[in-house]
Amino acid sequence: MKKTLLCSALFTLSVSGYSFATDAPTTTNYSDKAVKYLAQIADGSDGIGARPASSAKEIETGEWIKNKLTQVGYDVITQPFSYEKSGKTKTSNNYIVEKAGLSTDTIVLVAHYDSTGDDHGSLGATDNGAGLAAATAIAEALHAAQEIPYTVRVLFVGAEENGLNGSKHYVTEALKKGQLDNVIAMINYDTVGGGDIVYVHAAHSDYKQYQKTCEAIGLSDKTYNKETWVRDGMLAASIDRIGEEQKYVVHPGFPGYPAGETGSWSDHAPFACAGIPIAYVESTNFNINGEEGYDGYSQTENPLMWDCYDAENKTACDRKTETKWGKIWHTEFDRLDKLEQAFPGRVNKQTKNNVEVVVEYLTNNKYFKQS
Ligand SMILES: [Zn+2]
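What counts as what
Residues numbered from 1 in each chain as written. Predicted model: local features only at pLDDT ≥ 70, side-chain atom pairs only at ≥ 80, totals over all residues. Heavy atoms only, no water. Helix = DSSP H or I, 4+ residues; strand = E, 2+ residues; numbered from the N terminus. Rg over C-alpha atoms; globule rule 2.2 N^0.38 Å. Buried < 20%, exposed > 50% of the residue type's maximum accessible area, 1.4 Å probe, protein only. Contact = heavy atoms within 4.5 Å. Areas by Shrake-Rupley, 256 points an atom, 1.4 Å probe, with all protein chains shown as cover. Lys, Arg positive; Asp, Glu negative; His and termini not counted. Charge placed at Lys NZ, Arg CZ, Asp CG, Glu CD. Disulfide = S-S within 2.5 Å. Core = buried A, V, L, I, M, F, W, Y, C linked by side-chain atoms within 4.5 Å. Pairing = 2+ DSSP bridges. Axes fitted to C-alpha atoms, helices over the stretch in contact; angles between N-to-C directions. Donors = N, O, S within 2.8 Å, 3.2 Å for Na, K, Ca; no water. Tetrahedral: all angles 85-135°; square planar, octahedral: opposite > 155°, others 65-115°. UniProt positions renumbered as here; feature names shortened; annotations may be inferred.

1. As for the overall build of the protein chain
Part 1 of the argument: Regarding its fold elements, the protein chain presents ten helices and twelve strands.
Part 2 of the argument: At 19 Å, the protein chain has a C-alpha radius of gyration in line with the 21 Å of a compact globule built from 371 residues.
Part 3 of the argument: Viewed in the frame of its principal axes, the protein chain has a C-alpha envelope of about 60 × 45 × 40 Å.
Part 4 of the argument: The burial tally for the protein chain puts 57% of its 371 residues in the buried class.
Part 5 of the argument: In the protein chain, once contacts between residues fewer than 6 apart in sequence are set aside, the share between residues at least 24 apart is 74%.
Part 6 of the argument: Only carbon and sulfur atoms are counted for the fraction: they give 48% of the accessible area of the protein chain, which is about 14,500 Å².
Part 7 of the argument: Positive and negative charge centroids in the protein chain, built from 35 and 49 side chains respectively, lie 2 Å apart.

Below, the structure written as structure tokens:
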């Protein structure tokens, strides 16, 4: 399966008990589309650019998503919601599409489409233009597939950056309506390109890290899910599809961040609270001793993104005076022009790889825990 599948016109997958065929939408066609989409979303002159939560640009991005997916034949569900921020009521929308699989067991893929840091010059190329572009292309690839083993729901959430508002709303409503009953796994795509390493994480083994988020939507440790098999399946899919050299990586352990586990700062958190096993794909560099220690907030060792980087000790030359800390997301560096200058070809390559890996994962049931 891997390289040959890229160019075969038709391939058949045998999976335990049944087989299914997928016309070859895989995948170069769709990974190339993701690169094109990334420019449409994040290019400062020709694209949409910065997309702050609840802004006109966020609405424009929502329309972009809806148009792209309607064009390939999806019925796009728009889910409007409101939330409180700094004493004000704000509004945004989630967008949802679903591709029915042979099983009604469902995997949810989530990407937020707002951005932040525009006041610093960020255009949200990595966070989360890359994830949005890849998720859109993946949804299109799945739509073109004849049969897939599991049902896949792709969810584009608004207003992530100011409090996970779209995903919290989605999970709260879906729980009320039983729409999570068939959901067996969730994949979060947030900042899936740009950093030195593309990681895949599971939820944190310590519920306390998620407690605040869970309680905010009326959930508790009774439902919290910290299973790791979605992460491990994605890791295996990445090896099968893009090979050992480029595969996803499980981050090493540091105090507060056990190996391969992540905090509650993105859209996977409400799903873990609701009892769903998650995987979170995130491009960063956990090996750097950044502003708050080894917390993965420093994304790169590239000297352009440091006042002064001490490569030997993997930290700032002077921790007292450093201002940049190797951060890309939410900064002036989160734009395609600056990223291309710093890392020629990197963001596009990572974006394409993410399409390949998730299509691999979602079109095979060998990566899933059999219940
Ligand atoms: Zn993000």
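Let us keep going from here.
2. Examining the state of the cysteines
Part 1 of the argument: Within the structure shown, the criterion is met by two disulfides.
Part 2 of the argument: The disulfide partner of Cys214 is Cys273, and the S-S distance across this bridge is 2.0 Å. Torsion about the S-S bond of the Cys214 and Cys273 cystine: about -85 degrees, corresponding to left-handed handedness. Of this pair, Cys214 sits in helix 6 (residues 208-216) while Cys273 is found in helix 8 (residues 268-273), placing the two residues 59 residues apart along the sequence.
Part 3 of the argument: Numbered in order of appearance, the disulfide-bonded cysteines of the protein chain are paired 1-2, 3-4.

3. Looking at the nonpolar core
Part 1 of the argument: Of all hydrophobic cores here, the largest spans 66 residues; its most connected members are Tyr189 and Tyr361.
Part 2 of the argument: Tallying contributions element by element places helix 4 (residues 125-144) first for this core, with eleven residues.
Part 3 of the argument: In terms of nonpolar packing, the next biggest core, distinct from the first, is built from 27 residues, Leu180, Cys214, Phe271 and Ala274 among them.

4. Points about the sheet that holds strand 7 (residues 183-189)
Sheets are built from strands paired through backbone hydrogen bonds, the pairs being either parallel or antiparallel.
Part 1 of the argument: Ordered by their spatial adjacency, eight strands build an open sheet running 3-4-6-5-7-10-8-9, and the pairing between neighbours is mixed. On the outer flanks of this sheet lie strand 3 (77-85) and strand 9 (261-262), each paired with one strand and no other.
Part 2 of the argument: Here nine bridges tie strand 3 to strand 4 (residues 88-99), and the two strands are oriented antiparallel to one another. Within strand 4, the residue paired with Lys85 across the bridge is Lys88.
Part 3 of the argument: Packing against the sheet, helix 3 (residues 56-71) makes contact with strand 3, strand 4 and strand 6 (150-157), and its axis sits at approximately 15 degrees to strand 4.

5. Notes on the coordination of the zinc ion
Part 1 of the argument: The protein atoms that coordinate the zinc ion are His112 (NE2), Asp127 (OD), Asp190 (OD) and Asp190 (OD), at distances of 2.0 to 2.7 Å.
Part 2 of the argument: Viewed at the metal, the four donor atoms of the zinc ion are separated by angles of 52 to 142 degrees, and the geometry they form is irregular.
Part 3 of the argument: Written as a sequence motif, the donor residues of the zinc ion are H-x14-D-x62-D. Of this pair, Asp127 sits in helix 4 while Asp190 is found in the loop between strand 7 and strand 8 (197-203), placing the two residues 63 residues apart along the sequence. Residue Asp127 shares its accessibility class with Asp190, and that shared class is buried.

6. Things to note about the UniProt feature "domain: Peptidase M28" (unreviewed entry) in the protein chain
Part 1 of the argument: In the UniProt entry, the feature "domain: Peptidase M28" (unreviewed entry) is given for residues 96-349.
Part 2 of the argument: Across residues 96-349, helical content stands at 29% and strand content at 19%; the span's end C-alpha atoms are separated by 26 Å.

7. Observations regarding unusual backbone geometry
Part 1 of the argument: Note that the residue after Asp127, namely Asn128, is joined by a cis bond; omega there is 5 degrees.
Part 2 of the argument: Position of Asn128 among the secondary structure elements: in helix 4.
Part 3 of the argument: Phi at Ala159 is positive, roughly 50 degrees, even though this residue is not glycine.
Part 4 of the argument: Along the polypeptide, Ala159 turns up in the loop between strand 6 and helix 5 (165-177).
Part 5 of the argument: Residue Ala159 is classed as buried on the basis of its relative accessible area of 0%.

8. A few points about the side chain of Glu140
Part 1 of the argument: Summarising the element assignment, Glu140 is placed in helix 4.
Part 2 of the argument: In this structure Glu140 comes out as buried when scored by relative accessible area, which is 3%.
Part 3 of the argument: Aside from chain neighbours lying at most four places away, what touches Glu140 is Tyr30, Lys33, Tyr37, Lys68, Leu69, Val72 and Tyr74.

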